[in-house]
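In case you want the letters, here they are:
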Amino acid sequence: MSSVAPGTEIAGSVELPARREDIELRTSDGLTLVGELASPLERAPVATLVCLHPLPTHGGFMDSHILRKAAARLPALAGLDVLRFNTRGTSSPRGTSQGAFGGGADERLDVAAAMDFVAARGLPLPWLVGWSFGTELVLKYGLQHPIAGAILLSPPLHRTTDAEVAAWAGAGVPLVALIPEFDDYLKPAEAAKRFASVPSAELVAVEGGKHLWVGEKQTRRVLNEIVARVNPAAAPLPTVWEDPTP
């Protein structure tokens, strides 16, 4: 929980009130993964974001800034549960998850552990939200679990095969991909070709966007795009905090 004065601009590292719980996930191969569940304080959550972080060998972890800001803002602003965790072998201020980086293969068990946690807690309407490497995990393993939808931030499509992408056609759940205009790996025109096998996929070309979504303008754009799909009634998000409790 945090205390934020009414009238505070919602930007940077501002952390809005929420219930924040350190959690541990157990994988089927015996590892313990560390994470956090952030939940709304005064109301039941309407949906859950299960966040999968960027590549840990290149600095990605559960506190990568878009995911950290989603957990800091969206429980209060959009009534969402936000589940973040470090995949195997990944460290953050929360701690280090056991195991070693598995190149995207062994991490299928990490995704399964997160979804087992969602089921055990009865968290509502889980949406997978992957960023960069996390999008590979979403595309490769997301359909193995009951999900309400999936949102991809800067998908590089390095580890995901064409067949794994095509499997989402007719899957019956929304697939949304935010493609930065100036992405380092997959720009909008190429993304249209790579996702052509999934006619139902919603590709959002983000003008001025870059792979790392640096800056408050891009942060707000990403979080608004997420909320517009997961809880449209809460969009657009406010930019100034007004405590909703009397």
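Just above sits the structure.
Scoring rules and cut-offs
Residues numbered from 1 in each chain as written. Predicted model: local features only at pLDDT ≥ 70, side-chain atom pairs only at ≥ 80, totals over all residues. Heavy atoms only, no water. Helix = DSSP H or I, 4+ residues; strand = E, 2+ residues; numbered from the N terminus. Buried < 20%, exposed > 50% of the residue type's maximum accessible area, 1.4 Å probe, protein only. Contact = heavy atoms within 4.5 Å. Areas by Shrake-Rupley, 256 points an atom, 1.4 Å probe, with all protein chains shown as cover. Lys, Arg positive; Asp, Glu negative; His and termini not counted. Charge placed at Lys NZ, Arg CZ, Asp CG, Glu CD. Axes fitted to C-alpha atoms, helices over the stretch in contact; angles between N-to-C directions. Parallel < 35°, antiparallel > 145°, perpendicular 65-115°, else oblique. Left-handed = near helix turned anticlockwise from the far one by under 90°. Pairing = 2+ DSSP bridges.

Trainee: So what's going on with the overall build of the protein chain? Which residues, and what values?
Mentor: Within the protein chain, the secondary structure is distributed over 6 helices and 10 strands. For the protein chain, the spread of C-alpha atoms along the principal axes amounts to about 50 × 45 × 30 Å. When the 246 residues of the protein chain are sorted by exposure, 55% land in the buried category. Partitioning the contacts of the protein chain with sequence separation of at least 6, the portion at a separation of at least 24 is 68%. Accessible surface, the protein chain: about 10100 Å² in total, of which carbon and sulfur atoms supply 54%. Distance from the positive charge centre (22 side chains) to the negative charge centre (27 side chains) of the protein chain: 2 Å.

Trainee: How would you explain the packing of helix α1 (residues 65–78) against helix α6 (residues 216–230) if you had to name every residue and give the values?
Mentor: Viewed as axis vectors pointing N to C, α1 and α6 meet at an angle of 55°, and their least axial separation amounts to 11 Å. Looking at the two axes, α1 sits oblique to α6. Between α1 and α6 lies a crossing of right-handed hand. For the pair formed by α1 and α6, the contact residues are H65, I66, K69, A70, R73, L74 and A78 on the first element and E216, T219, R220, V222, L223 and V227 on the second.

Trainee: Before we move on, could you go through the sheet that holds strand β1 (residues 19–26) and cite the residues and values that matter?
Mentor: The strand order across the open sheet formed by 8 strands is β1-β2-β4-β3-β7-β8-β9-β10, and the pairing between neighbours is mixed. Every other strand in the sheet has two partners, leaving β1 and β10 (202–206) as the edge strands with one partner each. On average, each strand axis in the sheet is tilted by 20° relative to the strand beside it, whichever way the strands run. Here 4 bridges tie strand β2 (residues 32–39) to strand β4 (residues 80–85), and the two strands are oriented antiparallel to one another. Within β4, the residue paired with E36 across the bridge is R84. Strand contacts of α6: β3 (47–52), β4, β7 (126–131), β8 (149–153), β9 (175–180) and β10, with the helix running at about 160° to β10, the strand carrying the most contacts.

Trainee: Could you give me a rundown of the pairing of β4, with the residues and numbers involved?
Mentor: Across the 6 residues that make up β4, a large majority, 6, are buried. Across the two faces of β4 the burial is the same, with L80, V82 and R84 and D81, L83 and F85 all buried. Relative to β4, β3 runs parallel, the two sharing 5 bridges. Bridging across to β4, L49 finds its partner in V82.

Structural measurements only, silent on function.
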